[in-house]
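Take a look at the letters that make up each chain.
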Amino acid sequence: MIDIISEIGDSKRIAIMGHMRPDGDCVGACLGLKLYLDNALKDAKVTVFLEKPSETFSYIKNYGNIDSDYDCKEAPDVCFSLDSSTPDRLGEGLLIFKSAKKTICIDHHISNRGFAMINHIEPEASSTCELLALMFEDRYMDKEVAKALFTGIMHDSGVFQYSCMSRRSFEVVGRLCDYDFDRSRIIDESFYQKSYVQNQILGRTLLESILFMDGKCIAGSVDRKTMDFYNITYKDLDGIVNQLRVTRGVEVAIFMYEIHSLEYKVSMRSNGKVDVARIATLFGGGGHVRAAGCTMNGTIYDVLNNLSLHIEEQLKAIEDADDR
Ligand code: 5GP
Ligand code: MN
């Protein structure tokens with residue numbers, strides 16, 4: 001674990017950043033660390049640089065103070081990279097990160113090779129927020145910090161459901177529950193609740209999804225035209241891949257949306273047999289064994305052909321091992 005406060009020492013300019021298209025863990029970690037440092041440090045300036053997150057996270061304190069213009073005039077003394085598996089995933093933040101005197105990376109992606117001066121990477125952790133919670137001292141914690149970290153652990157574990165939730169993860173959540181905030185409301189409003197149009201696009205994608213490889217694989221996609229028609233962004237597509245994943249018999253779910261003509265952002269989810277991080281890494285992406293992503297070129301059929309080759313290969317290897 002990193003002793004965050006002593007690593008900062010008497011540094012005055014602190015930057016915090018996370019990955020592009022920030023999810024709940026990324027937003028919770030960045031704001032949680034800012035809130036914690038604001039409580040702990042007397043006269044340091046702590047800034048979160050992050051692509052604008054979904055409004056669903058606006059209940060986390062300091063959401064409104066996120067700098068999404070990356071307006072950083074002076075190089076930071078210390079820069080934290082949270083929940084980002086590679087420097088490239090910092091997007092516009094990368095330049096600020098590179099300019100910092102000291103860099104600290106805290107993450108739980110198996111594909112993270114440790115790109116900062118100080119690194120704490122634990123692929124077994126449920127979330128980056130779990131790791132932060134373990135580094136945070138009680139005396140600088142408060143309800144707002146707890147809400148931020150709770151959000152991150154809850155989102156990355158599918159409401160504490162996935163196997164990434166260890167005894168330690170539950171203990172961390174237990175400690176956060178000592179603080180008085182409305183947990184059920186946060187779970188409902190930030191995880192489950194969808195707008196009408198988000199539900200429409202979910203329904204449409206499920207309706208048009210294709211099942212292949214003997215029902216072991218399911219895929220759904222949303223093209224640019226449809227996104228324009230519903231006037232939605234990628235933030236409205238959250239959760240679709242998880243709904244595909246819970247189709248009975250499915251080992252791998254693939255969801256993709258068109259970023260540019262013939263370029264797709266791909267999300268994969270595995271029910272345990274297939275290591276989707278390995279496949280995503282082959283195509284320049286990364287992630288976790290059961291949840292990973294990458295960007296791929298071609299038509300949706302090109303994407304599916306390329307991916308299914310590797311999925312089949314892994315499933316075949318398991319079958320062969322079972323036969324032996
Ligand atoms: P999602 O499918 O929810 O976008 O992402 C699932 C996991 O894969 C997340 O942990 C995310 O950080 C990672 N991931 C998604 N897309 C990419 C990508 O393009 N590159 C890398 N390195 N990781 C990704
Ligand atoms: Mn995460």
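Residues numbered from 1 in each chain as written. Chains lettered and ligands numbered in written order. Predicted model: local features only at pLDDT ≥ 70, side-chain atom pairs only at ≥ 80, totals over all residues. Heavy atoms only, no water.

Caption draft 1: Quick look at the sheet that holds strand β7 (residues 217-222). Strand order in the open sheet formed by six strands is β6-β7-β8-β9-β11-β10, and the pairing between neighbours is mixed. Of all the strands in the sheet, just β6 (210-212) and β10 (286-287) have a single pairing partner and so form its edges. The pairing of strand β8 (residues 252-260) with strand β9 (residues 263-270) spans eight bridges and is classified as antiparallel. From the neighbouring strand, Val252 faces β9, where its bridge partner is Ser270. Contacting β6, β7, β8, β9 and β11 (291-297), helix α12 (residues 300-323) crosses the sheet at an angle of about 145 degrees to β8. (Pairing = 2+ DSSP bridges. Helix = DSSP H or I, 4+ residues; strand = E, 2+ residues; numbered from the N terminus. Contact = heavy atoms within 4.5 Å. Axes fitted to C-alpha atoms, helices over the stretch in contact; angles between N-to-C directions.)

Caption draft 2: Looking closely at the site of ligand 1. Residues in contact with ligand 1 amount to 14 residues; listed here are only the nearest, Arg89, His109, Lys265, Ser267 and Arg269. With respect to ligand 1, the side chain of Ser85 contributes an N or O atom lying 3.1 Å from a nitrogen atom. A distance of 3.4 Å separates an oxygen atom of ligand 1 from a polar backbone atom of Gly293. Relative to its free-state accessible area of 490 Å², ligand 1 is covered by the protein chains to the extent of 82%. Sorting the residues of the shell around ligand 1 by element identifies β9, β10 and β11 as the ones contributing at least two each. (Near = heavy atom within 4 Å. Polar contact = N/O pair within 3.5 Å; in protein donor to acceptor, adjacent residues only side chain to side chain. Areas by Shrake-Rupley, 256 points an atom, 1.4 Å probe, with all protein chains shown as cover.)

Caption draft 3: The arrangement of the domain arrangement of the protein in detail. By domain assignment, the protein separates into domain 1 (4-192) and domain 2 (196-323). Domain 1 and domain 2 are separated by 27 Å when their C-alpha centres are compared. Contact with domain 1, which involves 14 residues of that partner, is made by 14 residues of domain 2. Between domain 1 and domain 2, the buried area comes to about 1000 Å², and carbon and sulfur atoms account for 47% of it. Sorting the residues of domain 1 by area buried against domain 2 places Arg21, Ile110 and Tyr162 first, and these three jointly supply 44% of that buried surface. In this structure, the connection of domain 1 to domain 2 is made through zero salt bridges. On the surface where domain 1 and domain 2 come into contact, there are five residue pairs in polar contact (both at pLDDT 80 or more). Considered class by class, the residues forming the side of domain 1 that touches domain 2 number four nonpolar, six polar and four charged. (Domains from an automatic or database assignment. Buried area = accessible area lost by both parts, 1.4 Å probe. Salt bridge = Lys/Arg side-chain N within 4 Å of Asp/Glu carboxyl O. Nonpolar A, V, L, I, M, F, W, Y, C, P; charged D, E, K, R; others polar.)

Caption draft 4: Local environment of the side chain of Ser308. Residue placement: Ser308 occurs in helix α12. Reaching out from Ser308, the side chain makes a polar contact with the backbone oxygen of Leu304 at a distance of 2.7 Å. At 3.4 Å, the side chain of Ser308 forms a polar contact with the backbone oxygen of Asn305.

Caption draft 5: Inspection of unusual backbone geometry at higher detail. Positioned with a positive phi, Arg21 is a non-glycine residue whose angle comes to about 45 degrees. Arg21 sits in the partly exposed class, given a relative accessible area of 26%. Within the chain, Val159 stands out as a residue other than glycine whose phi angle is a positive 55 degrees. Taking relative accessible area as the criterion, Val159 reaches 19% and is therefore assigned buried. (Buried < 20%, exposed > 50% of the residue type's maximum accessible area, 1.4 Å probe, protein only.)

Caption draft 6: Examining the layout of surface pockets more closely. One number sums up the size of the second largest pocket: a volume of about 190 Å³. Around the second largest pocket sit Arg13, Ile14, Ala15, Lys45, Thr47, Phe49, Asp67, Asp71, Cys72, Lys73, Glu74 and Pro76, which together line it. For the lining of the second largest pocket, the elements supplying multiple residues, two or more each, are β1 (13-18) and β2 (45-49). Taken together, the residues that form the lining of the second largest pocket break down as five nonpolar, one polar and six charged. (1 Å grid on protein atoms, 1.4 Å probe; cavity = no way out; pocket = protein on both sides within 12 Å on 5 of 7 lines; lining within 4 Å. Points joined across faces, edges and corners; volume = space filled by probe spheres on them.)

Caption draft 7: Looking closely at the coordination of the manganese ion (ligand 2). Only Asp25 (OD), Asp83 (OD), His108 (NE2) and Asp156 (OD) from the protein coordinate the manganese ion (ligand 2), and they sit 2.2 to 2.4 Å from it. Between the donor residues of the manganese ion (ligand 2), the gaps in sequence give the motif D-x57-D-x24-H-x47-D. Residue Asp25 is found in helix α2 (residues 24-40), and its partner His108 is found in the loop between β4 (102-107) and β5 (118-121); the two are separated by 83 residues along the sequence. Accessibility classification places Asp25 together with His108 in one group, the buried group. (Donors = N, O, S within 2.8 Å, 3.2 Å for Na, K, Ca; no water.)

Caption draft 8: The packing of helix α4 (residues 128-135) against helix α6 (residues 167-176), seen in detail. Contact geometry for α4 and α6: axes closest at 10 Å, N-to-C directions at 65 degrees. The angle between the axes of α4 and α6 places the two elements in the roughly perpendicular class. Where α4 crosses over α6, the handedness of that crossing is left-handed. The residues of α6 that touch α4, namely those facing Glu130, Leu131, Ala133 and Leu134, are Arg168, Ser169, Val172 and Arg175. For the contact of α4 with α6, the class distribution of residues is four nonpolar, one polar and three charged. (Parallel < 35°, antiparallel > 145°, perpendicular 65-115°, else oblique. Left-handed = near helix turned anticlockwise from the far one by under 90°.)

Caption draft 9: Examining the packing of aromatic side chains more closely. Applying the stated rule across the entire model yields 10 aromatic pairs. Aromatic pair Tyr36 and Phe136: ring centres 3.8 Å apart, planes at 5 degrees, arrangement stacked. With Tyr36 in helix α2 and Phe136 in the loop between α4 and α5 (143-156), this pair connects stretches of sequence that are 100 residues apart. Judged by its relative accessible area of 4%, Phe136 falls in the buried class. (Phe/Tyr/Trp six-rings, centres within 6.5 Å; stacked < 30°, edge-to-face > 60°.)

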